[in-house]
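If you want the building blocks of each chain, they are given just below.
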Amino acid sequence: MATLGGLERAVMDLLWDSDGALSAYDLLERMPSDGSRQLAPTTVLTVLSRLEKKGFVARERASRPHRYTAIAPREAHVADLMHEVLDAAPDRAAVLARFLGQIPADEAEVIRRALRLDAGA
Amino acid sequence: MLTAAAGLGLFAVLLAVPVPLALARADWTQRAPGTAALLWQGIALAGGLSMIGALALLGLAAFGDRLPDAVTAFSRAVAEGDATVPVLPLLGLGAAVLLLAHLLLNLLLTTVVAARERARHRALVSLLSSPLPDRPGAHLIDDPAPVAYCVPGDGEVSATVVSAGLVDLLQPDELGAVIAHERAHLTQRHHLLTTAFQAWSLSLPWFPIASASRREVALLVELLADDRALRSTAPDALRRAIALVAGTASEQAATARVRIARIGAPPLPGWARGLAIAATIGILSVPAGLLLTTLA
């Protein structure tokens, strides 16, 4: 969790799991302690600022201290990620992707059985 | 020098159409994908070199018979602002320089854009995934769509990603096969090859062979990953995994059939592989040799 990426992850997990808006201090309180070091409030604020720029977090400036919410639930971001992988034209794909057709589970078994028969023949 | 230019031009035409077409149709490439990929790279490099060399020599031929003399005479003419320099040679030289710049810039741009896209995607994967319990290094995305892919890159950027839908669908050995296949792409850095051919096909959109070669190289890269995965996976598990992951989209299914059929098939004999490597070296030495003749 010492890395910035790890901290972003921890903050997002807290925001996604909470019901209402949280302040930086709320987050600091709820951060899982890794025992070794104390997190500074400025670090949390930096992480929140980065997440805001990435479009994950919205800041309520009306309240003092500022409070933060996740803009969209985790599932929405995951769906966006999947769209990127599945819908990107092969030319534009930044990743080497394998897709799966929507094979229902029983059809999968049929395929497996056919292949075992082939392999045994 | 004009004969060398003509030779390079003819060779460029050969490497632009008939040779790649023949290679794309060949069957042996599936039995030696690494050697075939090398040959493709040789064709692309020699083709580009021949095109640029032909244009450059055509331009410089007006300035002398030997390349060093011609270059000196040309530079002097440019430095002195000599207005009697004929137009055609200038056009030839200009075309050569433009083509070289075009190819290099396209390669640079494609590489940079792809790297940035991957880094961005990779950051999202970090934020949204959890580690897979029994598969160290693999990232699990909580989505029902059965998907497995890898994010190529250096160091921390590279990642293997599988979805919850895929983990549900596959048996443990099949999942292991898929992960081994994706990891092979990362270990062998296939993205370098596919990015280069991607850039090449973008640079020369009027060459139908450019996109055909990109698809061929993409298939070869899949075969290379399969071969590597077989070092740690049972062939049967990999066959099942390929069949299940390929899905029903026709292009994917056709590729899957090829991949499944060749698992366990005998590899290309050593002499044939040696012949292909010799051909690669030969193809690269033609433009090199022709350029050397202009020095004497």
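Rules of the game
Residues numbered from 1 in each chain as written. Chains lettered and ligands numbered in written order. Predicted model: local features only at pLDDT ≥ 70, side-chain atom pairs only at ≥ 80, totals over all residues. Heavy atoms only, no water. Helix = DSSP H or I, 4+ residues; strand = E, 2+ residues; numbered from the N terminus. Buried < 20%, exposed > 50% of the residue type's maximum accessible area, 1.4 Å probe, protein only. Lys, Arg positive; Asp, Glu negative; His and termini not counted. Salt bridge = Lys/Arg side-chain N within 4 Å of Asp/Glu carboxyl O. Contact = heavy atoms within 4.5 Å. 1 Å grid on protein atoms, 1.4 Å probe; cavity = no way out; pocket = protein on both sides within 12 Å on 5 of 7 lines; lining within 4 Å. Points joined across faces, edges and corners; volume = space filled by probe spheres on them. Nonpolar A, V, L, I, M, F, W, Y, C, P; charged D, E, K, R; others polar. Patch = residues over 30% accessible without salt bridge, like charges linked within 9 Å, V, L, I, M, F, W, Y side chains within 5 Å. Areas by Shrake-Rupley, 256 points an atom, 1.4 Å probe, with all protein chains shown as cover. Pairing = 2+ DSSP bridges.

Caption draft 1: Representation of the side chain of Glu216 of chain B in the model. Residues and elements named next belong to chain B. Along the chain, Glu216 falls in helix 9 (residues 208-229). Within the buried set, Glu216 has no salt-bridge partner at all; the shortest N-O distance to an opposite charge, 6.9 Å, is to Arg215. Residues in contact with Glu216, not counting those within four places in the same chain, are Ala24 and Trp40.

Caption draft 2: Structural context of empty space enclosed by the protein. All names here are of chain B. Overall, the coordinates contain one cavity of 30 Å³ or more when judged by the stated rule. Taken as a whole, the largest cavity encloses approximately 60 Å³ of empty space. What lines the largest cavity is simply Ala12, Leu15, Ala16, Ile43, Ala44, Gly47, Gly48, Met51, Trp200, Phe207 and Ile209. Those elements that provide at least two residues to the lining of the largest cavity are helix 1 (2-16) and helix 3 (33-60). Considering each element in turn, the lining of the largest cavity owes the most residues, five residues, to helix 3. Across the lining of the largest cavity, the residue classes tally to nine nonpolar, two polar and no charged.

Caption draft 3: Expanded view of a nonpolar patch on the surface. A grouping of Leu38, Ile277 and Ile281 of chain B is seen on the molecular surface, where their side chains present a nonpolar patch of about 260 Å² in accessible area. Position of Ile281 of chain B among the secondary structure elements: in helix 12 (residues 270-293).

Caption draft 4: Structural detail: the pairing of strand 2 (residues 57-60) of chain A. Residues and elements named next belong to chain A. Alignment of strand 2 against strand 3 (residues 67-70), held across four bridges, turns out to be antiparallel. Paired with Ala58 across the strands is Thr69, a residue of strand 3. Hairpin connection between strand 2 and strand 3: a loop of six residues separates the two successive antiparallel strands.

Caption draft 5: Structural view of the layout of surface pockets. Residues and elements named next belong to chain B. Its boundaries defined by the atoms lining it, the second largest pocket holds a volume of some 510 Å³. In terms of lining residues, the second largest pocket is bounded by 17 residues, among which Ala44, Leu45, Leu103, Leu107 and Trp200 are the most central. For the lining of the second largest pocket, the secondary-structure elements that each account for two or more residues are helix 3, helix 5 (87-128) and helix 8 (190-203). With seven residues, the single largest contributor to the lining of the second largest pocket is helix 3. For the lining of the second largest pocket, the per-class residue count stands at 13 nonpolar, four polar and no charged.

All quantities given are derived from atomic positions and should not be read as evidence of function.
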